[in-house]
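Read off the chains here:
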Amino acid sequence: MKWVLAVVSTILLAQPVTADELLVSFGGGPQPDSSQNNKTYGIDYSFKTFEKSYRQHIDIGVSYTELTTDADENKRIRAFSIYPQLNLYPRQRSWGQPYFFVRALGPSYISSNQLGNRRQDNNFSFQAQVGYAARINWRGKEDLVLMVSWKHFSNANLFSDNDGIDIPFVINLGMKI
């Protein structure tokens, strides 16, 4: 079974399309079902793009996220994630390229299993993010990226404690490098 995974991984990563997209993120907002407010900042790097069609792309990337809260204790965690991201584009192009995106089941390591009153059973989590974005024409190419989204970390109920950690409003700004 390991050799099958190795062969499939090699084939997928050997594809010629690279993403090379670097994004910085920041945001915050109230944690649903809690009295705490969460804030975030971080950096994402998408290094691989698989173009299924003109309208569907899958990006693979890595992410570092710093999360803080205004609660009295357990004020900070760091998350390291690997993510798949599905991008869905409309048919028509305009001033740039708008799209809907979703990151789902991005395995993550969180530095602590508690942020404020939100608790995870252990340090394993998944990153999920959903939102709208646009690739903006700059210098004759679609070099700039602007994303607005909701970000979530949880263990998908694989373990008993799964309060989930939410950042309701996140902005990512970036560019092709």
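Remember, it's a predicted structure, so these values are computed and weren't measured experimentally.

**Student:** Whenever I open this one, the overall build of the protein chain confuses me. Can you help?
**Tutor:** Helix and strand counts for the protein chain come out as one helix and 10 strands. Listing the helices and strands of the protein chain from first to last along the sequence gives α-β-β-β-β-β-β-β-β-β-β. Counting the 177 residues in the protein chain, one finds 41% classified as buried. A separation of at least 24 residues holds for 59% of the contacts in the protein chain among residues at least 6 apart in sequence. Looking at the protein chain as shown, the accessible area adds up to about 9,600 Å², and 63% of this sits on carbon and sulfur atoms.

**Student:** Would you take a moment to explain the pairing of strand 2 (residues 37-53) for this structure?
**Tutor:** On a regular strand, each side chain points to the face opposite its neighbour's, so the side chains alternate between the two faces of the sheet. Pairing geometry for strand 1 (residues 21-30) and strand 2, over 10 bridges, is antiparallel. Within strand 2, the position partnered with L23 by the bridge is D44. Hairpin connection from strand 1 to strand 2: six residues lie between these consecutive antiparallel strands, with D33 at a positive phi of about 60°. Strand direction decides the pairing type here: strand 2 and strand 3 (residues 56-69), joined by 14 bridges, are antiparallel. Bridging across to strand 3, Y41 finds its partner in E66. The loop that links strand 2 with its antiparallel partner strand 3 comprises two residues.

**Student:** How should the nonpolar core be read in this particular structure?
**Tutor:** Proteins that are soluble and globular tend to have nonpolar side chains buried together. Core analysis: the largest hydrophobic core is formed by nine residues, namely L67, I77, A79, I110, L115, F153, I165, I167 and V170. Other than its neighbours up to four places away in sequence, A79 contacts S63, Y64, T65, Y109, I110 and F153. L23, Y89, F101 and V145 belong to the second-largest nonpolar core, a separate cluster that totals seven residues.

**Student:** How should the environment of A19 be read in this particular structure?
**Tutor:** The topology assignment puts A19 in the loop between helix 1 (2-13) and strand 1. Residues in contact with A19, not counting those within four places in the same chain, are S46, F47, K48, T49 and K176.

**Student:** So what exactly am I meant to see when it comes to the packing of aromatic side chains here?
**Tutor:** Two aromatic rings are characterised by how far apart their centres lie and by the angle between their planes. If you walk through the whole model with that rule in mind, you get five aromatic pairs. A cation sits over an aromatic face here: R103 above Y83, 3.7 Å from the ring centre.

**Student:** Explain the pattern of salt bridges here, please?
**Tutor:** One side chain can pair with another of opposite charge once the charged atoms of both are near each other. Throughout the structure, instances matching the rule amount to six salt bridges. The salt bridge involving D59 is made with R135; its shortest N-O contact spans 4.0 Å. Of this pair, D59 sits in strand 3 while R135 sits in strand 8 (residues 124-138), and the two are 76 residues apart along the sequence. Each of the two residues, D59 as well as R135, counts as buried. Among the ionic pairs, E66 bridges to R78, the shortest N-O distance being 3.3 Å. In this pair, E66 sits in strand 3 while R78 sits in strand 4 (residues 76-88), placing the two residues 12 residues apart along the sequence. Looking at R78, the relative accessible area reads 34%, which means it is partly exposed. Through salt bridges that share partners, E21, D59 and R135 make up one connected network.

Rules and cut-offs
- Residues numbered from 1 in each chain as written.
- Predicted model: local features only at pLDDT ≥ 70, side-chain atom pairs only at ≥ 80, totals over all residues.
- Heavy atoms only, no water.
- Helix = DSSP H or I, 4+ residues; strand = E, 2+ residues; numbered from the N terminus.
- Buried < 20%, exposed > 50% of the residue type's maximum accessible area, 1.4 Å probe, protein only.
- Contact = heavy atoms within 4.5 Å.
- Areas by Shrake-Rupley, 256 points an atom, 1.4 Å probe, with all protein chains shown as cover.
- Pairing = 2+ DSSP bridges.
- Core = buried A, V, L, I, M, F, W, Y, C linked by side-chain atoms within 4.5 Å.
- Phe/Tyr/Trp six-rings, centres within 6.5 Å; stacked < 30°, edge-to-face > 60°.
- Lys NZ or Arg CZ within 6 Å of the ring centre and 35° of its normal.
- Salt bridge = Lys/Arg side-chain N within 4 Å of Asp/Glu carboxyl O.

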